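# Fold and geometry: a report
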Amino acid sequence: QVQLVESGGGLVQAGGSLRLSCSASGIFLRINAMSWYRQAPGKQRELVAALTWSGTPNYADSVKGRFTISRNNAKNTVYLQMNSLRPENTAVYYCNLRVAESVWREGDYWGQGTQVTVSS
């Protein structure tokens, strides 16, 4: 079993920055892919940023140039650096990790979510 713990959310003024962290613990071989999603009130969950084990990061158009997804393999942690935040970025942010639980099996796990609120 794999556990994810998110941190770093909070209240920030427009134009400010936050860094979200998502740390994985448990028994697994490696993190194969990592993503950040968000869900605003009354809206569907949407992909914000994604990063494969060895691939190029991908971002939603609305966050390109402002958000950066990164990882620390040694700490099994993925980050989302969010700069130039806007009120429309207010949402609950979730990390999603796809991990290799064994040589032949992958597992998909979600963090508990962290609230990001951007005031105008």
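Residues numbered from 1 in each chain as written. Predicted model: local features only at pLDDT ≥ 70, side-chain atom pairs only at ≥ 80, totals over all residues. Heavy atoms only, no water.

### Some thoughts on the nonpolar core
Going by this rule: Nonpolar cores are built from buried Ala, Val, Leu, Ile, Met, Phe, Trp, Tyr and Cys residues. Side-chain atoms within 4.5 Å join them into one set. Only protein chains enter the calculation, and the probe is 1.4 Å; a residue is then buried if its accessible area is under 20% of its type maximum, exposed if over 50%, and partly exposed in between. Only DSSP runs of H or I with at least four residues qualify as helices, and only runs of E with at least two residues qualify as strands; both kinds are numbered from the N terminus onward.
Core analysis: the largest hydrophobic core is formed by 31 residues, its most contacted members being Trp36, Leu80, Met82, Tyr93 and Leu97. Looking at this core, the elements that each hand over two or more residues are strand S1 (2-7), strand S3 (18-26), strand S4 (30-39), strand S5 (46-52), strand S7 (67-72), strand S8 (77-82), strand S9 (91-102) and strand S11 (114-119).

### Structural notes on the sheet that holds S7
Just so we agree on the cut-off: Being paired, for any two strands, means DSSP has found at least two bridges between them. Axis geometry follows a simple rule: fit a line to the C-alpha atoms, using only the stretch in contact for helices, then measure angles between N-to-C directions, giving values from 0 to 180 degrees.
Reading across from one edge, S1-S3-S8-S7 is the order of the 4 strands in this open sheet, with antiparallel pairing throughout. Since the sheet does not close on itself, it has two edges, and those belong to S1 and S7, each with one partner. Geometrically, the sheet is characterised by an average inter-axis angle of 15° between neighbouring strands, direction not taken into account. Where S1 meets S3, 6 bridges bridge the pair, whose relative direction is antiparallel. What sits directly across from leucine 4, in S3, is alanine 24.

### Regarding the side chain of arginine 66
Heads up, the rule is: Neither His nor the chain termini are counted; the positive set is Lys and Arg, and the negative set is Asp and Glu. Each salt bridge in this description consists of a side-chain nitrogen of Lys or Arg and a carboxyl oxygen of Asp or Glu lying within 4 Å of one another. Here a polar contact means two N or O atoms within 3.5 Å. Within protein one must be a hydrogen donor candidate and the other an acceptor candidate, and residues neighboring in sequence count only if both atoms are side-chain atoms. The criterion used for residue contact is that any of the two residues' heavy atoms lie within 4.5 Å.
Examined against the element boundaries, arginine 66 turns out to sit in the loop between strand S6 (58-59) and S7. Comment: no salt bridge for buried arginine 66; closest opposite-charge side chain is glutamate 88, at 6.2 Å. A polar contact is formed between the side chain of arginine 66 and the backbone oxygen of serine 84, at a distance of 2.8 Å. Ignoring sequence-local partners within four residues, the contact set of arginine 66 consists of Gln81, Met82, Asn83, Ser84, Leu85, Arg86 and Asn89.

### Overview of the pattern of salt bridges
A side chain with one charge can pair with a side chain of the opposite charge if their charged atoms come near. The final tally for this structure, using the stated rule, is 4 salt bridges. Residue aspartate 108 pairs with arginine 98 through a salt bridge whose shortest N-O separation is 3.9 Å. In this pair, aspartate 108 sits in strand S10 (residues 105-110) while arginine 98 sits in strand S9, placing the two residues 10 residues apart along the sequence. Judged by its relative accessible area of 38%, arginine 98 falls in the partly exposed class. Here arginine 105 makes a salt bridge to glutamate 101, at a shortest N to O gap of 2.9 Å.

### Concerning the environment of glutamine 1
Tracing the backbone through its elements, the reader meets glutamine 1 in the segment before S1. Judged by relative accessible area, which is 67%, glutamine 1 ranks as exposed. In sequence terms glutamine 1 and isoleucine 27 are 26 residues apart; their C-alpha atoms lie 6.2 Å from each other. Every residue in contact with glutamine 1, bar those within four places of it in the chain, is listed here: Ser25, Gly26, Ile27 and Tyr109.

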